[in-house]
Amino acid sequence: MHDAPHLDEIASLPSDRESSIDPMRIVHNQPARSGDGNRVGRHIPRTSVNAMNAIHTRPLGCDDWSIVETLFGSRGACGGCWCMWWRVPMGGRIWEAAKGEPNREAFRKLVNAGAASGVLAFVDGEAAGWCAIGPRAEFPRVDRSKSLVRQSSADTWSLNCLYVPPRWRGVGVARALLAAAVELARQRGATEVEAYPQSFAPGERQAGAFVWTGVPSLYEPLGFRRQGESGRGRALFLLKLG
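Residues numbered from 1 in each chain as written. Predicted model: local features only at pLDDT ≥ 70, side-chain atom pairs only at ≥ 80, totals over all residues. Heavy atoms only, no water.

S.K.: Mind laying out the overall build of the chain, listing which residues take part and the relevant values?
M.R.: Of regular secondary structure, the chain possesses five helices and 10 strands. Relative to its full complement of 242 residues, the chain shows a buried share of 50%. In the chain, once contacts between residues fewer than 6 apart in sequence are set aside, the share between residues at least 24 apart is 75%. Of the accessible surface of the chain, which amounts to about 11400 Å², a share of 53% is contributed by carbon and sulfur atoms. (Helix = DSSP H or I, 4+ residues; strand = E, 2+ residues; numbered from the N terminus. Buried < 20%, exposed > 50% of the residue type's maximum accessible area, 1.4 Å probe, protein only. Contact = heavy atoms within 4.5 Å. Areas by Shrake-Rupley, 256 points an atom, 1.4 Å probe, with all protein chains shown as cover.)

S.K.: So, the pattern of salt bridges: which residues are in play, and what are the values?
M.R.: Evaluated as defined, the whole model comprises 13 salt bridges. The shortest N-O distance in the salt bridge between R58 and D64 comes to 2.8 Å. Residues R58 and D64 agree in their burial class; the two are buried. With its nearest N and O atoms 3.1 Å apart, the salt bridge here joins E126 to R167. Note that E126 is positioned in strand β4 (residues 126–135) and R167 in the loop between β5 (156–163) and α4 (173–187), a separation of 41 residues in sequence. The pair E126 / R167 is uniform in exposure class, with both members buried. (Salt bridge = Lys/Arg side-chain N within 4 Å of Asp/Glu carboxyl O.)

S.K.: Can you break down the environment of R175 residue by residue, with the values?
M.R.: Following the sequence through the fold, R175 ends up in helix α4. Taking relative accessible area as the criterion, R175 reaches 32% and is therefore assigned partly exposed.

S.K.: Would you mind going over the pairing of β5 in detail, with residue names and values included?
M.R.: A regular strand places its side chains on the two faces of the sheet in alternate fashion. Across the eight residues that make up β5, a large majority, eight, are buried. One ladder, built from six bridges, connects β4 with β5; its direction is antiparallel. Bridge pairing in β5 places G134 opposite S158. Across four bridges, the pairing between β5 and strand β6 (residues 192–195) is parallel. When the sheet's bridge partners are listed, W157 is paired in β6 with V193. Running through α4, the crossover from β5 to the neighbouring parallel element β6 is right-handed. (Pairing = 2+ DSSP bridges. Right-handed = clockwise from strand over helix to strand, strands pointing away.)

S.K.: Let's hear about the nonpolar core: which residues, and what values?
M.R.: Within the largest apolar cluster, 35 residues are counted, with the highest numbers of intra-cluster contacts made by I133, L159, V173, L177, V193, Y219 and F224. Elements with a minimum of two residues in this core: β3 (118–123), β4, β5, α4, β6, α5 (216–219) and β10 (237–240). The element that contributes the greatest number of residues to this core is α4, accounting for 10 residues. Discounting residues that sit within four places of it in the chain, F224 has contacts with L159, V182, V193, E194, A195, Y219, F237, L238 and L239. (Core = buried A, V, L, I, M, F, W, Y, C linked by side-chain atoms within 4.5 Å.)

S.K.: If you had to explain α4 to someone new, which residues and values would you point to?
M.R.: For α4, with 15 residues, the first-to-last C-alpha span of 21 Å sits near the 21 Å given by 1.5 Å per residue. Within α4, burial applies to V173, A174, A176, L177, L178, A180, A181, V182, L184 and A185. Among the residues trailing α4, G189 stands out with phi positive, at a value near 95 degrees. (Expected span 1.5 Å × (residues − 1).)

S.K.: Lay out the side chain of T213 in plain terms, naming residues and giving numbers.
M.R.: Structurally, T213 can be placed in the loop between β7 (198–199) and α5. Judged by relative accessible area, which is 1%, T213 ranks as buried. Residues in contact with T213, not counting those within four places in the same chain, are W86, N160, Y196, P197, Q198, Y219 and R234.

In short, the description is geometric, and any link to function would need to be established separately.
Shown next, in the form of structure tokens:
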């Protein structure tokens, strides 16, 4: 599991309340200039996104490592993960040994080689979020969770990680990332997309570090449907692409 979060990370997930973004101002797959970092710090108020500054999204490119590194910061998004949680086959001692610099170097190599896929979000040229998505076979740790195991094919894609810095939470970045990620999977030949959102009891609050796969209310408007029984915890949601 990821490390316990610092107090400044504790907040409701952005999707739990209405976004202030005008949906007509979400622009997918547009080129974006790199910004000056995410400028995340304690007690920095969330930024307001309005009609003057749209959320732009585009697929990750092999020359985007510097953007990813700045966006993730010194903690590798959370606890030294560097978006490697689902890529490292096992947890326990293997995962503990991989956290931090080993994960950073492993993900850097994947990005530079064009072997990692996902979507970046930008607001006014500043990196504002990341979503990991790719063929399910690239994420062997999915099969380590009994609740996520199912019959899949080479055309099954896995949408498994969202990272939005505190500065950009609550303004629609996560929703823009998910929509763009589904479109990316469709364009690259996926026939279905899995996701693994975390469900909570009504009124329950959790640290952002524990909802890095999102919540059902983010996925359901896109057509994702829960597989299996409802309940608290991480579950498999599936979207069939026509």
